[in-house]
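# A closer look at the structure
Chain by chain, the residues:
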Amino acid sequence: MVGTPGRIQNLADDHKLKMSDLQTVIIDEADDLLDGETLDTVRILCNRHRRKCN
């Protein structure tokens, strides 16, 4: 799966994307990861789907 954090979250929220089936997720918009809101969204996605984020 490749996508922006917001879009991945929307798809997961709408039950159109099953994160548990994925082996690799590539977060687009890496330059925005310095923004607190974007980083929070990535953390929410990881925590919701019990993935370890560093």
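As the structure is a prediction and not an experimental result, all values here were calculated from the model.

As a further point, take the environment of V2. As for its position among the elements, V2 is in strand 1 (residues 2-3). Overall, the relative accessible area of 60% leaves V2 in the exposed class. When the C-alpha atoms of V2 and T24 are compared, they prove to be 8.7 Å apart, with 22 residues separating the residues in sequence.

As a further point, take the side chain of Q9. The residue Q9 is located in helix 1 (residues 5-13) in this model. Accessibility expressed as a relative area gives 16% for Q9, which makes it buried. Not counting chain neighbours up to four residues away, the residues in contact with Q9 comprise T41, I44, L45 and R48.

The next thing to look at is helix 2 (residues 36-48). If you check helix 2, its first and last C-alpha atoms are 18 Å apart, about what 13 residues at 1.5 Å a residue would give, namely 18 Å. Listing the buried residues of helix 2 in full gives T38, T41, V42, L45 and C46. The buried residues of helix 2 occupy an angular sector of 130° when projected down its axis, which confines them to one face. Residues of helix 2 that are exposed and angled more than 90 degrees away from the buried face: E37 and N47. The inward-facing, buried residues of helix 2 abut helix 1 and strand 2 (26-27).

This brings us to the confidence of the model for the chain. Mean pLDDT over the chain: 76, with 76% of residues reaching 70 or higher. When mean pLDDT is compared element by element in the chain, helix 1 scores highest at 86, while strand 2 scores lowest at 74.

Of all hydrophobic cores here, the largest spans six residues; its members are I8, L11, A12, L17, M19 and L45. Broken down by element, this core gets its largest block of residues, three residues, from helix 1. The contact partners of L11, leaving out residues within four places of it in the chain, are M1, K16 and L17.

Excluding glycine, residues mostly have negative phi values, and the peptide bonds linking residues are mostly trans. Located in the positive-phi region is H15, a residue other than glycine, with phi close to 60°. Looking at where H15 falls in the secondary structure, it is placed in the loop between helix 1 and strand 2.

Cut-offs and rules
Residues numbered from 1 in each chain as written. Predicted model: local features only at pLDDT ≥ 70, side-chain atom pairs only at ≥ 80, totals over all residues. Heavy atoms only, no water. Helix = DSSP H or I, 4+ residues; strand = E, 2+ residues; numbered from the N terminus. Buried < 20%, exposed > 50% of the residue type's maximum accessible area, 1.4 Å probe, protein only. Contact = heavy atoms within 4.5 Å. Expected span 1.5 Å × (residues − 1). Arc of directions from axis to C-beta. pLDDT = per-residue confidence, 0-100. Core = buried A, V, L, I, M, F, W, Y, C linked by side-chain atoms within 4.5 Å.

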